[in-house]
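Understanding the architecture of this molecule
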Amino acid sequence: MNSPSAPHQESERTRAEGGNAPSSKESKIKGLKCRECGRLYPAVAIHICEFCFGPLEVDYDYAAIGRRISRSSIEGGPKSLWRYHELLPVTGEPTVGLHAGMTPLIHAKRLGKYLGLDNLYIKNDTVNHPTLSFKDRVVAVAMTRARELGFDTVACASTGNLANSVSAHAASSGMKCFVFIPHDLEAGKVLGNLIYNPTVVAVRGNYDDVNRLCSEIGGEYPWAFVNINIRPYYAEGSKSLAFETAEQLGWRIPDQVVVPIASGSLLTKIRKGFQEFEKLGLVAPNDRLTVNGAQAEGCSPVYRAFVSGKNHLIPVKPQTIAKSLAIGNPADGFYALEVVFKSKGAIAAATDPEIVEGMKLLAETEGVFAETAGGVTVASLKKLCEEGRIGRKDLTVAYITGNGLKTMEALAGALSEPISIDPTLASFRKTVNPSN
Ligand SMILES: *Cc1c(COP(=O)(O)O)cnc(C)c1O
Ligand SMILES: [Zn+2]
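Note that the coordinates shown come from a computational prediction; the quantities given were computed from them, not determined experimentally. (Residues numbered from 1 in each chain as written. Chains lettered and ligands numbered in written order. Predicted model: local features only at pLDDT ≥ 70, side-chain atom pairs only at ≥ 80, totals over all residues. Heavy atoms only, no water.)

As for the coordination of the zinc ion (ligand 2)
Heads up, the rule is: Note that water is not among the atoms considered, so a metal site may appear incomplete; the donors listed are N, O and S atoms within 2.8 Å of the metal, with 3.2 Å applied to Na, K and Ca. Only two sets of limits are used to name each site, 85 to 135 degrees for every angle of a tetrahedral four-donor site, and over 155 degrees for opposite donors with all other angles from 65 to 115 for a square planar four-donor or octahedral six-donor site, with any other site named irregular. Numbered from the N terminus, helices here are DSSP runs of H or I no shorter than four residues, and strands are runs of E no shorter than two. Think of it in three bands: residues with accessible area under 20% of the maximum for their type are buried, residues over 50% are exposed, and the middle band is partly exposed, with areas taken using a 1.4 Å probe on protein chains only.
Within the protein, Cys34 (SG), Cys37 (SG), Cys49 (SG) and Cys52 (SG) serve as the donor atoms for the zinc ion (ligand 2), at 2.2 to 2.3 Å. Viewed at the metal, the 4 donor atoms of the zinc ion (ligand 2) are separated by angles of 95 to 120 degrees, and the geometry they form is tetrahedral. Within one chain, the residues donating to the zinc ion (ligand 2) are spaced in sequence as C-x2-C-x11-C-x2-C. Pair noted here: Cys34 is in strand β1 (residues 29-34) and Cys52 is in the loop between β2 (40-41) and β3 (56-60), with a separation of 18 residues, a long-range link. In this structure Cys34 comes out as buried when scored by relative accessible area, which is 3%. Classification of Cys52 by relative accessible area gives partly exposed; the value is 32%.

Observations concerning the packing of helix α10 (residues 239-248) against helix α11 (residues 265-279)
Note the threshold: All axes here are fitted lines through C-alpha atoms, helices being fitted over the stretch that makes contact, and every angle between N-to-C directions spans 0 to 180 degrees. Roughly parallel covers angles under 35 degrees, roughly antiparallel covers those over 145, roughly perpendicular covers 65 to 115, and oblique covers all other angles. In a left-handed crossing the near helix is turned counterclockwise from the far helix by less than a right angle, and in a right-handed crossing that turn is clockwise. What makes two residues a contact is simply this: any of their non-hydrogen atoms within 4.5 Å. Charged residues are taken to be Asp, Glu, Lys and Arg, nonpolar residues to be Ala, Val, Leu, Ile, Met, Phe, Trp, Tyr, Cys and Pro, and polar residues to be all remaining types, Gly included.
Packing of α10 against α11 brings their axes to within 7 Å, and their N-to-C directions diverge by 50 degrees. Our classification of the angle between α10 and α11 gives oblique. Crossing angle aside, the handedness with which α10 passes α11 is right-handed. Residues Lys239, Leu241, Ala242, Phe243, Thr245 and Ala246 of α10 form the contact with α11, whose participating residues are Leu266, Lys269, Ile270, Lys272, Gly273, Phe274, Glu276 and Phe277. Looking at the contact of α10 with α11, its residues break down into 8 nonpolar, 2 polar and 4 charged.

Considerations on helix α6 (residues 161-173)
This is how the line gets drawn: One less than the number of residues in a helix, times 1.5 Å, gives the span that helix is expected to have.
Along its 13 residues, α6 runs 18 Å from first to last C-alpha, staying within 8% of the 18 Å computed at 1.5 Å per residue. Among the 13 residues of α6, 11 are classified as buried, and the element is accordingly described as predominantly covered. Of the positions making up α6, those classed as buried are Asn161, Leu162, Ala163, Asn164, Ser165, Val166, Ser167, Ala168, His169, Ala170 and Ser173. Where α6 is buried, its residues touch α5 (135-148), β6 (153-157), β7 (176-182), α7 (187-194) and α9 (231-236). With its phi angle positive at about 70 degrees, Gly174 sits one or two positions after the end of α6.

What about the site of ligand 1?
For the record, the criterion: In these notes, residues near a molecule or strand are those with any non-hydrogen atom within 4 Å of it. Between N or O atoms, a polar contact is any pair within 3.5 Å; within protein, one atom must be a potential hydrogen donor and the other a potential acceptor, and residues adjacent in sequence are included only when both atoms are from side chains. Note on areas: Shrake-Rupley with a 1.4 Å probe; residue coverage comes only from the protein chains shown.
Taken together, the neighbourhood of ligand 1 is formed by 15 residues, with Lys135, Ser263, Gly264, Leu266 and Thr401 sitting nearest. Here an oxygen atom of ligand 1 sits 2.9 Å away from a polar atom, N or O, in the main chain of Gly264. Interatomic distance of 2.8 Å between a backbone N/O atom of Leu266 and an oxygen atom of ligand 1. Expressed as a share of its isolated accessible area of 390 Å², the protein-covered part of ligand 1 is 98%. Across the shell around ligand 1, the residue classes break down as 7 nonpolar, 6 polar and 2 charged.

Brief notes about the side chain of Asn286
Inspection of the secondary structure puts Asn286 in the loop between α11 and β11 (290-296). Using a relative accessible area of 15% as the deciding quantity, one classes Asn286 as buried. Engagement of the side chain of Asn286 in a polar contact is seen with the backbone nitrogen of Arg288, the distance being 2.9 Å. The contacts of Asn286, once residues within four sequence positions are left out, are Ile253, Pro254, Asp255 and Glu278.

Let's talk about the sheet that holds strand β8 (residues 199-203)
Just so we agree on the cut-off: If DSSP finds at least two bridges between two strands, the strands pair.
If you trace the 4 strands from one edge of the open sheet to the other, you get β8-β7-β6-β9, paired in parallel fashion. On the outer flanks of this sheet lie β8 and β9 (224-225), each paired with one strand and no other. Across the face of the sheet, α6 comes into contact with β6 and β7 while running at roughly 170 degrees to β7.

Thoughts on the sheet that holds β11
Read across the sheet, 6 strands follow the order β4-β5-β13-β10-β11-β12 without closing on themselves; strand pairing throughout is mixed. Both outer strands of the open sheet, β4 (105-107) and β12 (347-350), are each paired with one neighbouring strand and no more. Between one strand axis and the next, the sheet turns by 25 degrees as a mean value, whatever way the strands run. Here strand β10 (residues 256-260) pairs with strand β13 (residues 396-400) via 3 bridges, running parallel. Among the inter-strand pairings, Val257 is bridged to a residue of β13, identified as Val397. Strands in contact with α11 are β10, β11 and β13; relative to β10, the strand with the most contacts, it is inclined by about 150 degrees.

Remarks on the state of the cysteines
Stated formally: Cysteine sulfurs are considered disulfide-paired once they come within 2.5 Å of each other.
If you walk through the whole model with that rule in mind, you get 0 disulfides. No disulfide involves Cys156; its nearest neighbouring cysteine sulfur is the one of Cys177, lying 6.6 Å away.

Regarding the packing of helix α14 (residues 352-366) against helix α15 (residues 372-386)
The contact between α14 and α15 brings their axes to 7 Å, and the two run at 90 degrees. Here α15 runs roughly perpendicular to α14, going by the angle between their axes. Where α14 approaches α15, its residues Glu354, Ile355, Gly358, Met359, Leu361 and Leu362 are matched on the opposing element by Thr372, Gly375, Val376, Val378, Ala379, Lys382 and Lys383. For the contact of α14 with α15, the per-class residue count stands at 7 nonpolar, 3 polar and 3 charged.

Digging into the confidence of the model for the protein chain
How we decide: Each residue carries a pLDDT value, the predictor's own confidence for that position, ranging from 0 to 100.
Looking at the protein chain as a whole, the pLDDT averages 94, with 93% of positions reaching at least 70. Per-residue pLDDT stays below 50 along residues 1-24; that stretch engages in 45 contacts with residues further than four places along the chain or on separate chains.

Considering helix α8 (residues 207-220)
With 14 residues, α8 ought to run about 20 Å at 1.5 Å a step, and its terminal C-alpha atoms sit 20 Å apart, in line with that. Looking at α8, one finds that the buried residues are Tyr207, Asp208, Val210, Cys214, Ile217 and Gly218. Sitting at the head of α8, Asn206 places a side-chain oxygen 3.1 Å from the backbone nitrogen of Asp208.

Right, dumping it as structure tokens:
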């Protein structure tokens, strides 16, 4: 499995046909399974079913995992997402992203008071290590797996944060790196790639164009595209947000979660993470768990399907300041919608001005400076409260997934100016109390 050179397309195909079945070391991973038709594949660098084109998901041996995992085994683990390694799709020791995860879960009393919620928590991934967004989780898992599969080059199609995280982790693990981004990203997100010196490719198009291009490139170059051919493993990293939430709440499942939607993967995996903890007896089941989604109105294909009661998505052309969520044709949008409907949740959408208001509200009440995606989550949370969908007593968790220092353009003109004074006490006095 650990060939030193990167796997070639043909060798992947051989593996997909069973040429290189998982070894006994891989006992917790049974393989990959098609979400649609259930066909099984070995756990290699593939992401789509050859027969029905459904997405592939990691298939675990929960009986084997259940024999090894317990609350105390987790509590005795590292202070990172790797404390849940039994439920992550890697077979050996983690090698990339050793410090990702275990971000603060904040009891948001002041924001809660404003919104009329007694039990509101903020999961604060604005301080994730090393690149200040939730993407450090998925990249830690995807790149550890990519190395296990023998790749020496990583790549991604990104709305911004993913490229930052892949670039940083490639630098620290000595892998070659190509990141593909839309040409019009925020300056902080672009610089947040360049500083690590990967090859940064700005594509004259939107994310959906970038993603389609990367699928074509992936067919020609033997690279680990973390969110394309490595996607089944990448996506599993998002479960750690649910695991940490449950553990940090004192081994409990919340009643309500509010999750931002880009491709929809994060939302579906948060539900999956809670379900796995229930299945393994690590937490008591909570059948009140309601999964809510948040989108930017300027890119809201999942929200639109939700409000029209449809179960299919119509792709849109993104136009929003929440660029990290600007996916017009979300790969997991249908599954996210399904999770929301099944849990009797809702999806809300925030306009650009509401996103800025949401960023300010979170900062002013909780001292957390989130990027635009955080503004989407807070604005959507507010709408769900106003619609009476979230009750005062509900144990509620809102996921704040990225850092505001990366999207400063969004706040242009939205904040007051500093008070300018001369370096004298008199000048200060005059400013603070002009009647003096
Ligand atoms: C990528 C991203 C998300 C959501 O990602 P999914 O594609 O839906 O899994 C949410 N917030 C931020 C800041 C992101 O960068
Ligand atoms: Zn299939």
